[in-house]
Amino acid sequence: MIQRRRSLVLALALICGAVMVTAAASFAKTSAGGVPSWCGPKKISLGLTDGFGGNSWRLVTTASARNEAAKCPRVTSVSYADGQGNTQKAISDIQGMVAKGLDAIVVFPDAGKAILPALRSSYKAGVVTVPYRVTPGGKAGVDYNVFIDTNFADAGEQWGKWILHVLPKGGNVLMLSGPKGNSQGIEENQGLHKILDPTNKYKFIGEQPFEVTNWDPALTQKVLSADIAKYKKIDVIVSDFGPSLVGALSEFNKSGRKIPALATSDGNVLGCFWQKQHAKNPSFKLFTVSTQNDHARLAIDWAVALASGGKKPATTHFPSRAFEDSTKGKPNPVECKANLPGDIYLSAELPAIVQAKLVKK
């Protein structure tokens, strides 16, 4: 798994080095319908920073951001930095991009409020600064230009409503999320409780509000395996990084137990796992929301619009949408592309074959 993460980080580095050479070609391929309205007349340099870039979701999300930026010919270069899970490095990455004189930066602030001073300094230095997905605190127009959020609570509510449907008599709920205290997991958990608590039928087990995994597949496997051994009755597992569950789910089979219902986010490896297991266990149920790789696209649109003088997007909110439901087949049945790598995301706009080439590097 460590080697896998290193491979993913190397792939990002290779892409970063090639982006300036391929920007024009990428634009020609992705903007056949014309220049988007958020692409203004001013030429700009753009930066992307991750607090942690070491999993396939970040790789595809970063590629999605690059693909979006390539639609605008005014974006002359795209720089990327991976904080590698180190808050101080993530802060230094932002400071470094400001020092390089970039016109705009898009930031995934994994460390939350700890990143706020760096964002504020960037904004005060005149760099268009756009954090997205994980709230850094602060205020738009004071600490950064705009925050591109998503309603994580809505994902939790969707999971909760599905759980009511498949487990109407109640049961034990185990939830996993990323770093301790991350706003995504907290808000999802709140949405889940909003739906399930009024029934008084569901018991939340494990660390509260969620088991901490840092969205790291290796740690997720360790944590979930320990929970499977500890709790003899787990009726549903909720996770905001579904593919990371697969490595530990076989522990249920090894102990002679059925895999519980899963309410999570999509991933090819998870869909293929479900299809294989469902053939042996027809009662195995799965519901996914989109893993939202394309959230980065909206953040790019805003950053480019503000820096290049383009038209601002109509919203700062990226929606949470249901993707697969094994019980209803709507909006999609569970999907699996067995001929492609497991660590791609079929809900993403970036074509599956393009994702496959990225994660194979």
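Fair warning: this is a prediction, and the values are worked out from it, not measured in the lab.

A. Seen up close, the overall build of the chain. A tally of regular secondary structure across the chain gives eleven helices and 13 strands. At 20 Å, the chain has a C-alpha radius of gyration in line with the 21 Å of a compact globule built from 361 residues. Seen along its three principal axes, the alpha-carbon backbone of the chain occupies a region of about 60 × 40 × 35 Å. Expressed as a percentage of its 361 residues, the buried residues of the chain come to 58%. For the chain, the exposed area adds up to about 14,900 Å²; of that, 55% sits on carbon and sulfur atoms. When the 43 positive and 28 negative side-chain charges of the chain are each reduced to one mean point, those points stand 3 Å apart.

B. Spatial organisation of the nonpolar core. Ranked by internal contacts, the top residues of the largest apolar core, which has 46 residues, are Leu46, Val75, Val106, Val130, Ile148, Ile300 and Val304. Counting residues per element, the ones that place at least two in this core are β1 (44-50), α2 (56-69), β2 (75-82), β3 (104-108), β4 (128-131), α10 (295-308) and α11 (352-360). Within the second largest apolar cluster, 22 residues are counted, among which are Leu174, Ile205, Ile234 and Leu270.

C. Structural view of the packing of α2 against α11. Their axes nearest at 10 Å, the elements α2 and α11 cross at an angle of 125 degrees. On the basis of the axis angle, α2 is oblique to α11. Every pair of crossing elements has a handedness; the one defined by α2 and α11 is right-handed. Residue-level inspection shows Ser56, Leu59, Val60 and Ala63 of α2 in contact with α11, the latter providing Gln355, Leu358 and Val359. Considering only residue class, the contact of α2 with α11 consists of five nonpolar, two polar and no charged.

D. Broad picture of the packing of aromatic side chains. Throughout the structure, instances matching the rule amount to four aromatic pairs. Judged by centre distance (6.0 Å) and plane angle (90 degrees), the ring pair of Trp57 and Phe108 falls under edge-to-face. One end of the pair, Trp57, is in helix α2; the other, Phe108, is in strand β3, and 51 residues separate them in sequence. Judged by its relative accessible area of 8%, Trp57 falls in the buried class. One aromatic cluster in this structure is built from Trp57, Phe108 and Tyr132. It is Arg58 that lies over the ring of Phe108; its NZ or CZ is 3.8 Å from the centre.

E. Just the packing of helix α8 (residues 246-254) against helix α9 (residues 268-280), in detail. Two elements in contact, α8 and α9, have axes whose closest approach is 11 Å; the angle formed by their N-to-C orientations is 20 degrees. Here α8 is positioned roughly parallel relative to α9, judged by the angle of their axes. Considering the relative orientation of α8 and α9, their crossing is right-handed. Between α8 and α9, the residues in contact are Val246, Leu249 and Asn253 and Val269, Leu270, Phe273 and Gln277, respectively. Looking at side-chain class alone, the contact of α8 with α9 contains five nonpolar, two polar and no charged residues.

Parameters at a glance
Residues numbered from 1 in each chain as written. Predicted model: local features only at pLDDT ≥ 70, side-chain atom pairs only at ≥ 80, totals over all residues. Heavy atoms only, no water. Helix = DSSP H or I, 4+ residues; strand = E, 2+ residues; numbered from the N terminus. Rg over C-alpha atoms; globule rule 2.2 N^0.38 Å. Buried < 20%, exposed > 50% of the residue type's maximum accessible area, 1.4 Å probe, protein only. Areas by Shrake-Rupley, 256 points an atom, 1.4 Å probe, with all protein chains shown as cover. Lys, Arg positive; Asp, Glu negative; His and termini not counted. Charge placed at Lys NZ, Arg CZ, Asp CG, Glu CD. Core = buried A, V, L, I, M, F, W, Y, C linked by side-chain atoms within 4.5 Å. Axes fitted to C-alpha atoms, helices over the stretch in contact; angles between N-to-C directions. Parallel < 35°, antiparallel > 145°, perpendicular 65-115°, else oblique. Left-handed = near helix turned anticlockwise from the far one by under 90°. Contact = heavy atoms within 4.5 Å. Nonpolar A, V, L, I, M, F, W, Y, C, P; charged D, E, K, R; others polar. Phe/Tyr/Trp six-rings, centres within 6.5 Å; stacked < 30°, edge-to-face > 60°. Lys NZ or Arg CZ within 6 Å of the ring centre and 35° of its normal.

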